[in-house]
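Geometric and topological summary
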Amino acid sequence: MVNQRLLEIVADFNFWQKKQDAGIPREELAEVLKFADDKNFVLIVAGIRRSGKTYLCRQILQEKIKQGILPEQTLYINFEDPALEPYLNTDSLSDFYDTYRYNLNKEDFAYIVFDEIQNVPNWEKWIRIMIDKKTKAKFILTGSSSKFYKGKQAEALTGRGLTFFLFPLQFTDFLKFKNYSLKKVESFRGISPLLAEYLEFGGFPLIVLEPDQTKKQIYLKELFDDIITKDLIVKRKLRESDIRQLAVALINQFSALVSVRRSQTFLADMNLTKISPMTINSYLGYFASSFLFLFTPIFSYKAKEIIRYPKKLYCVDTGLVNSLGVRFSDNIGRLYENIVAKFAWERHGKDNLFYWKNQTREVDFIIKEGKNVFQLIQVCFDIKAAKVQEREISALIEASNELKCANLLVITENFESEEKIKGKTIRYLPLWKWLLQKKYVK
């Protein structure tokens, strides 16, 4: 039975009802559109809550309309909308699809966005059936948890889904949202206020567009609460006090090594509730699946060492770090490193990002390409300090010799140069210039 009420509920969100706000196009749109044209695969857009997945999907639909399809050949449904809560059952996808086909598009090809689809029970089975039936539709799915694109739920889409990860805004898009033309970028002096704002408040689109700094802080705290509550406490039925305490403890350890034992010690030092090692280990996995934290393992050719050694923790957005009590001015070096981690993750994927460490030295980032080490990166805000420079460069050279990699980079505040030390060429590049690169320079 076709449910006319369903169509009335979703009508306001669709281009065939009225012109929709698709937001400011960001750099990822061109890349994701390549996936949107492959009709043999489901496109999965994954990322942290409020990173812009909804607007990116609207931009995809808008672009398809510009290319010539009718607005009625698109359908957008947000399964986090409170009005849809009564309809979140096993049959809801069939009900929505059949109603759409009966009323708007009986036979033509359709681009269909199911936003936050993990809220619908057994969604993966329905999608797989539609693919196997060679339905005349391109399905675009979004979600705020890795639970919906990997694991048992997503096994039904093995070989049929392409996943695109969306983070908070890149620095180039941040500048676009601030109406700052890249053609104006000539010096550190001109761009430093914007870089400082980006470091302090992060890249969530809603935050970037908010002019009031007090409201920015309020929104960031609300966003953190939403992530903890909706993506962790409610969905996984976790104990609220424990998960919140551990999340705050971890944010205070950003750009540092973390492990179950270290987390226990940190919680004890803060006089927080004692949480068992097994629970902490599970929670660390949950944080990763919600995209709140990025965990970087040590580089080693031995799997046992990768598992045994602590991971380095980074937050997906520096605005969240600063909103929870960490003083911005006291942590500028760690914020630089956190930004580099996020962008390296985006550019190369989490499976190609590591840190290197021996008994006395450490290199912040090891970047792999295939089986080979492509680049070694140190992040050094205060490169002018002699002891700091000696420590960072010595570590780079030691790692370079061990890993047989000559592509050595030091990311700085505003120092740019190139020098040879012990037969190694080392490049120094300011963070703002590195962030404006499309990709790493080989």
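Just so it is clear, the model here is predicted, and its values are computed rather than measured. (Residues numbered from 1 in each chain as written. Predicted model: local features only at pLDDT ≥ 70, side-chain atom pairs only at ≥ 80, totals over all residues. Heavy atoms only, no water.)

Considering the packing of helix H7 (residues 188-201) against helix H15 (residues 332-348)
Where H7 meets H15, the axes come as close as 10 Å, and the angle between the chain directions of the two elements is 85°. Judged on the interaxial angle alone, H15 and H7 are roughly perpendicular. Between H7 and H15, the contacting residues are Leu195, Tyr198 and Leu199 on the first element and Ile332, Leu335, Tyr336, Ile339, Lys342 and Phe343 on the second. Among the residues making up the contact of H7 with H15, the classes are represented as eight nonpolar, no polar and one charged. (Axes fitted to C-alpha atoms, helices over the stretch in contact; angles between N-to-C directions. Helix = DSSP H or I, 4+ residues; strand = E, 2+ residues; numbered from the N terminus. Parallel < 35°, antiparallel > 145°, perpendicular 65-115°, else oblique. Contact = heavy atoms within 4.5 Å. Nonpolar A, V, L, I, M, F, W, Y, C, P; charged D, E, K, R; others polar.)

Brief notes about empty space enclosed by the protein
According to the stated counting rule, one finds four cavities of 30 Å³ or more in the structure shown. Taken as a whole, the largest cavity holds about 50 Å³ of empty space. Taken together, Gly47, Ile48, Phe165, Leu166, Phe167, Pro168, Phe291, Leu294 and Val316 make up the full set of residues lining the largest cavity. Taken together, the residues that form the lining of the largest cavity break down as eight nonpolar, one polar and no charged. (1 Å grid on protein atoms, 1.4 Å probe; cavity = no way out; pocket = protein on both sides within 12 Å on 5 of 7 lines; lining within 4 Å. Points joined across faces, edges and corners; volume = space filled by probe spheres on them.)

Regarding H7
Here H7 contains 14 residues, and its C-alpha end-to-end distance of 19 Å stays within 8% of the 20 Å for a straight helix at 1.5 Å per residue. Where H7 bends most, at Leu194, the angle is about 25°. Regarding H7, the residues found buried are Phe188, Ile191, Leu194, Leu195, Glu197, Tyr198, Leu199 and Phe201. Buried residues in H7 make contact with helix H6 (171-177), helix H8 (205-209), helix H9 (213-236), helix H14 (318-323), H15 and helix H17 (431-436). The first or second residue beyond H7 is Gly202, which carries a positive phi of 80°. (Expected span 1.5 Å × (residues − 1). Bend = angle between axes of the 7 residues up to and from the residue. Buried < 20%, exposed > 50% of the residue type's maximum accessible area, 1.4 Å probe, protein only.)

A word on the pairing of strand E8 (residues 311-315)
Counting buried residues in E8 gives four out of five residues, a clear majority hidden from the surface. One ladder, built from four bridges, connects strand E7 (residues 293-296) with E8; its direction is antiparallel. When the sheet's bridge partners are listed, Thr296 is paired in E8 with Lys312. (Pairing = 2+ DSSP bridges.)

Comments concerning the nonpolar core
Counting residues in each nonpolar core, the largest one holds 75 residues, and the members touching the most others are Phe287, Leu292 and Leu320. Looking at which element gives the most residues to this core, the answer is H15, with nine residues. Leave out the neighbours within four places in its chain, and Leu292 touches Ile48, Phe224, Ile227, Ile228, Phe287, Tyr314, Cys315, Val316 and Leu320. Listed in part, the 30 residues of the second largest apolar core include Leu93, Ile117, Ala137 and Leu141. (Core = buried A, V, L, I, M, F, W, Y, C linked by side-chain atoms within 4.5 Å.)

Looking at the sheet that holds strand E3 (residues 110-115)
The five strands lie next to each other as E2-E3-E4-E1-E5, forming an open sheet whose pairing is parallel. Edge positions in the open sheet fall to strand E2 (74-78) and strand E5 (161-166), since each of these has one partner strand only. For this sheet the average axis-to-axis angle between neighbouring strands, irrespective of direction, equals 15°. Here five bridges tie E3 to strand E4 (residues 137-143), and the two strands are oriented parallel to one another. Each bridged residue has a counterpart across the sheet, and for Phe114 the counterpart in E4 is Leu141. Where helix H2 (residues 28-36) meets the sheet, its contacts fall on strand E1 (42-47), E3, E4 and E5, and the angle it forms with E5 comes to roughly 170°.

Things to note about the sheet that holds E7
On the basis of which strands lie adjacent, the open sheet formed by three strands has the order E6-E8-E7 and antiparallel pairing. Each having just a single partner strand, strand E6 (256-258) and E7 make up the two edges of the open sheet. Strand-to-strand twist in this sheet, taken as the mean axis angle between neighbours without regard to direction, amounts to 45°. Packed onto the sheet, H15 meets E7 and E8 and runs at close to 95° relative to E8.

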